[in-house]
Amino acid sequence: MTNTALPTTYADQENNTQLNELHKSQNAVVLLSGGLDSVTCLYWAKARYASVTAVSFDYGQRHNSELVAAKAIAETAGVKHRIIDIDIAQLGGSSLTDHSMIVPDGDTDKFPDKKHDEIDNDAIPNTYVPARNTIFLSYALAVAEVTDSNHIIIGVSSVDYSGYPDCRPEYIAAFQHMANLATKAGVTGHHLSIQTPLQQLSKAKTIELGLSLGVDYGQTISCYQADANGLACGVCDSCALRRQGFAQAGVADPTHYQS
């Protein structure tokens, strides 16, 4: 059976216009890592909401180059920026926080056919940080309450990604439901939504979206093991996905790589 898209009606257009006008009066919180996806989300949010607060985390990751990038990106974008200190590294279990573990090389061949409902625990790389998105979204939820924000934006995707279970739409929907049950804002009618503008976008489409919004990807760092100068390794999962994305988008890769 072929799915046929229904024509957009005047009522739909009117509802979309009203929703857009409503968003222009609301605030948003964006999770900003300093990488390609999160900066795209930041500029996407800036184009829609009255005020945007970017939130980054110093959580014991391998390097702080991404935090330096996040700070510069927030300054360029002209948004408020909070860096929150939490120590996930003490829990271990990830090569992004445990220096005794080896960060695996990327394998771009596995990404195009990877679907969010085909997760194999054995295929989840050790760069997965246990419960990281849940922890980050929980902090962002608190920031949303104190900044009177209706929306939290996170750059997860079910298309080109490393197989992390906390990037799936089912997870995001469940967290949003929980958020509205567990907060003062939610129970007093101040609905909170988790926005995932990149959920169905490939890296190439994400890059195209960001460029249309004025993103300078040369400011971003996506590498799992960048050096002290912020130069990317070029071989980890994140670098492989990023390199593939620019190639598929037909855009020159502005990433600064290690020699």
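Scroll up for the structure.
Quick look at the structure, then. (Residues numbered from 1 in each chain as written. Predicted model: local features only at pLDDT ≥ 70, side-chain atom pairs only at ≥ 80, totals over all residues. Heavy atoms only, no water.)

1. Remarks on the packing of aromatic side chains
Per the counting criterion, the structure on display carries six aromatic pairs. Seen in terms of ring centroids, Tyr59 and Phe136 are 5.3 Å apart; in terms of plane orientation they differ by 65°. Their pairing is edge-to-face. Of the two residues, Tyr59 is situated in the loop between β2 (51-58) and α3 (65-77) and Phe136 in helix α4 (residues 132-146); the sequence distance between them amounts to 77 residues. Taking relative accessible area as the criterion, Phe136 reaches 10% and is therefore assigned buried. An angle of 50° between the planes, with centres 6.3 Å apart, marks the rings of Tyr171 and Phe175 as tilted. In this pair, Tyr171 and Phe175 are both assigned in helix α5 (residues 169-182), four residues apart and thus about one turn of the helix distant. Here the two residues Tyr171 and Phe175 agree in accessibility, since each one is buried. An aromatic cluster is present here, built from Phe57, Tyr59, Phe136 and Tyr139 joined pairwise through their rings. Sitting above the plane of the Tyr43 ring, Lys46 keeps its charged end 5.7 Å from the centroid. (Phe/Tyr/Trp six-rings, centres within 6.5 Å; stacked < 30°, edge-to-face > 60°. Helix = DSSP H or I, 4+ residues; strand = E, 2+ residues; numbered from the N terminus. Buried < 20%, exposed > 50% of the residue type's maximum accessible area, 1.4 Å probe, protein only. Lys NZ or Arg CZ within 6 Å of the ring centre and 35° of its normal.)

2. Notes on the nonpolar core
The biggest cluster of nonpolar side chains holds 35 residues, and the ones touching the most others in it are Phe57, Leu137 and Ile152. Taken together, the elements giving at least two residues each to this core come down to β1 (27-31), β2, α4 and α5. Looking at this core, the element that brings in the most residues is α4, giving six residues. The contact partners of Leu137, leaving out residues within four places of it in the chain, are Leu31, Ile152, Ile154, Tyr171, Ile172, Phe175 and Ile194. (Core = buried A, V, L, I, M, F, W, Y, C linked by side-chain atoms within 4.5 Å. Contact = heavy atoms within 4.5 Å.)

Any functional reading would require information beyond the geometric quantities listed.
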